[in-house]
Structure formats: C-alpha cells, structure tokens
Amino acid sequence: MKFTFTDKKVNIPDRVHAYAEKKIGKLERYFKNEPETSVVFSVEKGRNILEVTIRSGATIIRVAESTSDMFVSIDAAVASIERQLRKNKTRLEKRLRKEAFAPDEEAFVPESDEEEESSYQVVRSKRFFFRPMTVDEAILQMNLVDHTFFAFRNDDEGGAFSVVYRRNDGGYGIIVDQD
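Criteria and cut-off values
Residues numbered from 1 in each chain as written. Predicted model: local features only at pLDDT ≥ 70, side-chain atom pairs only at ≥ 80, totals over all residues. Heavy atoms only, no water. Helix = DSSP H or I, 4+ residues; strand = E, 2+ residues; numbered from the N terminus. Contact = heavy atoms within 4.5 Å. Pairing = 2+ DSSP bridges. Axes fitted to C-alpha atoms, helices over the stretch in contact; angles between N-to-C directions. Right-handed = clockwise from strand over helix to strand, strands pointing away. Expected span 1.5 Å × (residues − 1). Buried < 20%, exposed > 50% of the residue type's maximum accessible area, 1.4 Å probe, protein only. Arc of directions from axis to C-beta. Patch = residues over 30% accessible without salt bridge, like charges linked within 9 Å, V, L, I, M, F, W, Y side chains within 5 Å. Areas by Shrake-Rupley, 256 points an atom, 1.4 Å probe, with all protein chains shown as cover. Salt bridge = Lys/Arg side-chain N within 4 Å of Asp/Glu carboxyl O.

Caption draft 1: Quick peek at the environment of S38. Mapped onto the elements of the fold, S38 is located in strand β2 (residues 36-44). Separated by 34 residues in the primary sequence, S38 and T4 have C-alpha atoms spaced 4.8 Å apart. Once you skip the residues sitting within four places of it in the chain, S38 turns out to touch T4, E51, V52 and T53.

Here it is in structure tokens:
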C-alpha cells in the first residue's frame, strides 16, 4: 500500500503515523492492485479527526472518523472501511481479490453489522438539457434554485460535463469530466 500522510494544522508524532500505516495496511488484502492511500490528520475543537481515502483502480473508499483520541479514530476508520467492504461485497467482488472475504481471526465484525444487502432503488428519474455556462453562472443558478449541487456543460473546459457543489465549510467545489 502506498501511503500519503497529511497533518492539517497539527503535528502528529511518527508513532501515530506508524500505527495508522500498520492498521490501514492490513486492508491491502482486499485489493487486487496495490492501492494508494491518503490519510489526513486534523484536530478541531478537541476532536481528533482522521480522513482515509483508498484508491485502487476505479474503486474509491472514503471514511472520516472523529473521536477524542487519534488511535481510537484510526481503529474506528479501519472498522468502518471493513464494514463498507463487507456490506457491499457482492457488488465489489469483481474489483477486489477473490480471497478478500475469507475468515480472518484478527478481524472481528459484530453480527449486527452484517446487514442483508439490498438492491439500489431508483425512485425518480429526470432528463435535462445541460446548457453551456461558466462556473460562476452555474454557482449562481445553483444558489437560485437553492440546491447543494448543479450539473452543467463547462464553457471554461470546452463543454465538458461538470458539477458544482456547496461544501460544508461554506465554499464551493467543482467536479469536471476529464474526457
């Protein structure tokens, strides 16, 4: 597993990085290819926040945990990722290693976490014409309809399909199709 550690506005000791690498590294057994893992440590209002993003091919898994202790946040993040993988294992079978879900003595997943997997249910479908506009125009339109995201054709990117969205911190983000 390739790791990238980022400390936001906090200095994290090397022993915490080593602990995170050891714990998160155990998840490598689920993946066919060597995954790239990004780990972000931060502290806000006395809470230790850990964000883990694992990329392996087209599969992206992201978890954020916040506790009073960074070691507990690491353990909770690993448990959350394992829970996500187990919950969606039939959908992920083609992307993950075949032996990924073999019983492991170290891993303990409570029976209550083993939920019956349900199929995704599309409850509404809409068709739109995405007209070309600038990012500023798209943000204005999003705010006018009071939505948290807005899809459009990006004039600044040669008509590429894009989505602007409102971030939790009050700013805006954009997702742009690379084709």
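Caption draft 2: View of the sheet that holds β2. If you trace the four strands from one edge of the open sheet to the other, you get β1-β2-β3-β4, paired in mixed fashion. Where the open sheet ends on each side, the last strands, each with one partner, are β1 (2-8) and β4 (59-67). Geometrically, the sheet is characterised by an average inter-axis angle of 15° between neighbouring strands, direction not taken into account. Two elements, strand β3 (residues 47-56) and β4, share nine bridges in a ladder whose sense is antiparallel. The residue bridging E51 from the neighbouring strand is A64, located in β4. The strands touched by helix α1 (residues 14-25) are β1, β2 and β3; relative to β1, the strand with the most contacts, the crossing angle is about 140°.

Caption draft 3: Structural context of the pairing of β1. Pairing of β1 with β2 involves seven bridges; the strand directions are parallel. Its bridge partner being in β2, T4 is matched across the sheet by S38. Regarding the hand of the β-α-β motif, the stretch spanning β1, α1 and β2 is left-handed.

Caption draft 4: Highlighting α1. Its 12 residues give α1 an end-to-end C-alpha distance of 16 Å, which sits within 8% of 16 Å, the value for a rise of 1.5 Å per residue. Taken as a whole, α1 has its buried residues at V16, H17, A20 and I24. Looking straight down α1, one finds its buried side chains confined to an arc of 100°; they lie on one side. The exposed set on the far side of α1, more than 90 degrees from its buried face, consists of D14, R15 and K22. Buried residues in α1 make contact with β1, β2, β3 and α2 (70-87).

Caption draft 5: Spotlight on a nonpolar patch on the surface. A surface patch of nonpolar side chains, about 290 Å² in accessible area, is lined by L140, L144 and V145. On the secondary structure map, L144 appears in helix α4 (residues 135-145).

Caption draft 6: Representation of unusual backbone geometry within the structure. Located in the positive-phi region is K9, a residue other than glycine, with phi close to 55°. Relative to the helices and strands, K9 is located in the loop between β1 and α1.

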